[in-house]
Each structure stands twice: as structure tokens, then as C-alpha cells.
Amino acid sequence: MTESMVSFDIVAEAGEARRGQLQINDRTLETPHLFPVINFYGGGNEGALFGGGVHRTVKEFLAHDKEVTAGKDYSDLFHGVMTSIASLTDYGIREKKLDWYLDNEVREWDCFSDYDGMIFADSGGYKILKHGGGLEGEDFEKDIDQDKALDMQLDLGPDILVNLDHPIHPDDEFEERIEKMEQTAANAARFAERRDEVDGACYLTVHGYYEAMLERSFDLVEDELAVPIPEAFDGIALGSLVPRKDNVEVLVEAVSDCKREMQQRGYDDLPLHVFGISGKAMPLLVAVGADSFDSASYLHQAINGKYSVNLFETVPVDEADFDACDCRICNDDFHRARMRNEMDDLYQKDILGSVAAHNLAIQQRELRQYRQLIAESDQEQVAEYLEEAVKDQKGFRKFVYQLINERMNPYFEETDTTYA
């Protein structure tokens, strides 16, 4: 296989926040970036974009289906997307269908042949571990190890891959956490041995909520590898945070400690991806150095009938004020009519698919504005942006004030630990 071209260049910094360009072969991604989770295979056939309800409508946006986009370009929502081998069996397919799905890479299907963004193929560690170490369909069960996971990831034709990991859980005992970290490290070593088969970027997963756990996670990987981490991997992916996604203090500490470990070990030039986090936590995590995220929250909110007012708030879609939103979805009469259920013969996927696209547009718009602020390398502007973003969010103000006071632009000569 031709050697892949992967680079990550930091083009601007504001405090610990940084703006970068991730280059993988002929594709470039501006960071910080959110990879929306896409289920490319929803149990159907190619003519129906493989189905999947609201997932299908999101794919219709991605594939420029004229019945949804009316010829308009929504590609800015999908510069990079995340998919997972675990999602292949979300719809209880038969083994024959699984083999058919894996027979062609995503871009080899006609319906996705024009997609030019990056595809991040997750190894599905969280779901696979949850299901006892395998994938299960209607008439098959498959045990998944590192080699099988990589084979399936490669079948999708991705730009970014990650080793099969064993995420830890907050309720795990110490011995169980260590065992999972050891299994993840062993998988990372096997993944590195097959590095030459990958025509793209390889990311390494690490796990932990605080410095001591992350130190152990990095130590175990370094002990397993035959070469230094930067020679085997192009990025770091921090996992196990989804069960703590509503605890912003834990999230900020975990990303901060991961960045500190990376700096101390000389890996700070690698991009840091955070698994399964988006929305209200993103501004703070970017402020402490996260470069990318992935999440399906935009879609799950829509499936539950929730319309994003901003990063922090949602309202039921039938209470949404579309005039108050400047996103292109809400400024298109076609999508407004769909979201209001004012058209004939609408399916729920049509109504909620437009809501999902709006929710995603809100998050992508926020990161686009954040990138622009970082590009100006003005730490005070970033601090003002964070203050403005959380001024009405009581649960977040304390952490933003603490972050600004201690690490960006001190309000006081002596630290005020109350941050009221």
C-alpha cells in the first residue's frame, strides 16, 4: 500500500486553545472540529441509502439528495463524520447483508460516491464490550478481536482509524480498570504492527478521568509498543468519558490531565480527539486543548423531538421559534414547513431529519466561530466568548470563571476559589 500522508499543523493558539489543520492524503480538516456520528448502514439497500429512519434523512443531506436539499449545499455540516463498525448490526441484519455491506467501501457505493469529507471509523469498543466482546445479528454472532475489528474498519474505506479499546466505567473496581487498560494497550500494539495496511491516520485510545489513571494508561501502551507512540500513531483519542458527559468538572479535568501527560511525554504535537462528547461541554474542552469531538447528540435530540436553541438549551420542536435562528435550515421555507409538519405525506424521519440538521448546524456554527477567535490568537477574546456563552448557565459559570481566572486572564491577584 502507498504510504499515507498525514500531518497536523497548529496554525494559531489562544491560551491552551488551538486551531489546526489535519491533513490526511488529499483531504484537509480545520480543527477544532465536531465529527457528527453517521450510521451509513441502517438495515436497508443502497437505493434507500441503506435506510435507518432519521439516520436516513441525515444521509440524504450528506449525499446531496435533491428532495431534501433542493440543490443546496450542506456539505459544511459534514466535513468529517464518525461511523462505527458496531453500528453495522444496529438493525439486526442477517450475515449475508453484513457481508454485502462490507463488500464495498463507503465511497464505492454510488449514493456516497460524491462525499469528500473525512471518515473516522471507530472500532466500536464501547458497544462491543457492552455486548460481551462481539457483534450480533439476526442469524450470527461474531467475536471481535483487534484483527477482526481492523479488517472491518478497513472495509469501510476510512481516513482515520483507531485501535479496538476497552473503555472503563466509573463503577469499575481498580483491578478491572487496569485489566481493561492492559487489553487496550495490547490491542494498540497489534494495531501498530499492521500500521502499513492503513491508508490514512491511526489514532491511539487512552482512558482515564484524572492524571494518575491517564499516566497508567500511557505507561501501559508505551510498554507494549516496539516504537515511540508518535512513530506508530498520528493522534490520541481520549475515551470513557460518555458516562460522565454531564459532569463538566470531570470532563475538564480529564482533558486537561490528558494534555498534560501528552506534553510531558512529548506528544503535544499530536491532535487530541475526545470520544462521544459535544454540545455544551465543547467550548470548555476546546479551551483546555481538545482538537476534535464526535457525537450523535444532534440526532438523539431530534429523535426525542428536541430543537436546539443554542449549545446549552433545547425546546420541543413545536415550541421552536424558527425566526430567532439564523441557520440555513431555519431560513429555508421547505425545512420550516417540514419541522412544523405542514406538508402532506411527511414521515417522522422527514420532520425530525430537518431538526437533526438544524441541531448539527448550531454546534458546527459554534465551533466555526470559535476557530475564528482562536485564529486571532487573542486570549482575552476567547475568555470573553466563554463568559458570554455561559452567562445564563448557572451550572457552567463556576467552571468557566475558574478556568479563566486560573489559566487564562486572572480576575484577581489571589485566586478566589468560590467563583460565585
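Our subject is the structure that appears above.
If you're wondering where the values come from, they're calculated on a predicted model, not measured in any experiment.

A.B. asks: I would appreciate a short explanation of the pattern of salt bridges in the present structure.
C.D. replies: Pairing is possible between side chains of opposite charge, provided their charged atoms come close. This model, assessed by the stated rule, comprises 36 salt bridges. Residue Arg 94 is joined to Glu 138 by a salt bridge in which the shortest nitrogen-to-oxygen separation is 3.2 Å. Placement of the pair is Arg 94 in the loop between strand 5 (80-84) and helix 3 (95-101) and Glu 138 in the loop between strand 7 (134-136) and strand 8 (141-143), with a sequence separation of 44 residues. Residue Glu 138 is classed as exposed on the basis of its relative accessible area, which comes to 54%. Where Asp 219 meets Arg 265, a salt bridge forms, and the shortest distance between an N and an O atom there is 3.0 Å. Taken together, the residues span a long stretch of sequence, with Asp 219 in helix 7 (residues 211-224) and Arg 265 in helix 9 (residues 248-265) at a distance of 46 residues. Residue Asp 219 is classed as partly exposed on the basis of its relative accessible area, which comes to 30%. According to the relative accessible area criterion, Arg 265 is partly exposed, its value standing at 22%. Residues joined in a network through salt bridges with shared partners are Asp 147, Asp 151, Arg 190, Glu 193, Arg 194 and Glu 197.

A.B. asks: Could you clarify how one ought to interpret the sheet that holds strand 4 (residues 33-36) in this entry?
C.D. replies: Either a parallel or an antiparallel arrangement is found when strands of a sheet pair, and the pairing is made through backbone hydrogen bonds. In space, the eight strands of this open sheet follow the order 4-13-12-11-10-9-6-5, with parallel pairing throughout. Two strands lie at the open edges of the sheet, namely strand 4 and strand 5, each paired on one side alone. On average, each strand axis in the sheet is inclined to that of its neighbour by 25 degrees, with strand direction left out of account. Inspection of the sheet shows strand 6 (residues 118-122) paired to strand 9 (residues 160-162) by two bridges, in the parallel sense.

What counts, and at which threshold
- Positions within a chain are numbered from 1, following the residues in the order the chain's sequence is written.
- Side-chain atom pairs in this predicted model are given and counted only at pLDDT of 80 or more, local residue features only at pLDDT of at least 70, and totals for whole chains, interfaces and linings cover all residues.
- The side-chain values count all of the structure's non-hydrogen atoms but skip hydrogen atoms and water molecules.
- In what follows, salt bridge is the name for a side-chain nitrogen of Lys or Arg lying within 4 Å of a carboxyl oxygen of Asp or Glu.
- Segments assigned H or I by DSSP are reported as helices when at least four residues long, segments assigned E as strands when at least two residues long, and all are numbered from the N terminus.
- Residue burial is assigned from relative accessible area. The probe radius is 1.4 Å, only protein chains are included, and a residue is buried under 20% of its type maximum, exposed over 50%, and partly exposed in between.
- A pair of strands counts as paired when DSSP detects no fewer than two bridges linking them.
- Inter-axis angles, ranging from 0 to 180 degrees, are taken between N-to-C directions of lines fitted to C-alpha atoms, where helices are fitted over the stretch in contact.

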